[in-house]
Amino acid sequence: MMRVRLIDFMERLKRKSRAPSVLGRQIEATLCPGMSVPEPLELLFKWIETKGYFIDKSAGRLGFLFPEDEMKAGWTESGRPGGTDITFAPEGNVNLRYWFRTEDPEIIERLCVFAKTGGDGSMAAFWLADDGSQKIVHLGSGSGSTTLCVLADDPVDFLRLLAIGYDEICWGDAYSEPPNAGGEFIVSPNMPYTAWVERTFQVTTPDRGTDLVKWPLSMDAQSSPDPFWRWVNSRLV
């Protein structure tokens, strides 16, 4: 019965989202065969555009969860407003050859980058797993963040992860604690975004990242049960 209600709920959301967002349409154009923009992310992109939280560049639209000018204006040595800082963009897989040091289509055509997760160049991407399912994964830059893992099987859980309020989601070693656990730099929560997620998808926001992300381990770890970590490492040997 719960499964039926969830399907009905998602169908109602789809009917509310017939015309695609500009950002969603641009990201859709970069996707590899077999991929799609999940409906919850399309709803997010519509929310971003309704709020005006975007800028247009020659390479495409950039979307944010909080006004960039307000975040910069409120940024001090001790903290900032705006919750998680993430930039959505239609990047695709054109630059992944540098990350993997290969242009092998068996690797590159399984991934599509759709967001920058950190100022170090870390990325969130759609990944086609071996069973054909599409997951949201994280690729650390290697020069800063080294987090390499599945962020979410369910796109709504990815939106919930963003609602927790970490400064950036690229630092997987911070997921075992709530945001601002160090107390040195305080990021104020993005309450409008969190309220939108909870209201739209009828969910709650967890306290910490490990409530959602099972294995936010480093690419330098000796091993990991995470399927994306294992897939990447099997192709970098």
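Here, the structure is the one placed above.
The structure reproduced in this document is the subject of the present report. (Residues numbered from 1 in each chain as written. Predicted model: local features only at pLDDT ≥ 70, side-chain atom pairs only at ≥ 80, totals over all residues. Heavy atoms only, no water.)

### Some words on the nonpolar core
The biggest cluster of nonpolar side chains holds 42 residues, and the ones touching the most others in it are L44, F88, F114, L151, F158 and Y193. A total of seven residues in this core trace back to one element, the largest contributor, which is helix α7 (residues 155-164). When sequence neighbours within four positions are dropped, the list of residues in contact with F114 reads I27, L41, T87, F88, A89, A124, A125, F126, I136 and F158. Listed in part, the 19 residues of the second largest apolar core include W99, F100, L139 and L148. (Core = buried A, V, L, I, M, F, W, Y, C linked by side-chain atoms within 4.5 Å. Buried < 20%, exposed > 50% of the residue type's maximum accessible area, 1.4 Å probe, protein only. Helix = DSSP H or I, 4+ residues; strand = E, 2+ residues; numbered from the N terminus. Contact = heavy atoms within 4.5 Å.)

### What about the packing of aromatic side chains?
What the rule picks out here adds up to 16 aromatic pairs. Considering the side-chain rings of F45 and F88, the 5.6 Å spacing of their centres and the 65° angle between planes classify their relative orientation as edge-to-face. Pair noted here: F45 is in helix α3 (residues 39-51) and F88 is in strand β4 (residues 87-92), with a separation of 43 residues, a long-range link. Across the pair, exposure class does not vary: F45 and F88 are buried alike. Summarising the aromatic geometry, the rings of F100 and W231 are spaced 6.3 Å apart at their centres and angled 75° between planes, so their arrangement reads as edge-to-face. Of this pair, F100 sits in helix α5 (residues 96-100) while W231 sits in helix α9 (residues 227-236); the two residues are 131 residues apart in sequence, bridging distant segments of the chain. (Phe/Tyr/Trp six-rings, centres within 6.5 Å; stacked < 30°, edge-to-face > 60°.)

In short, geometric facts, not functional conclusions.
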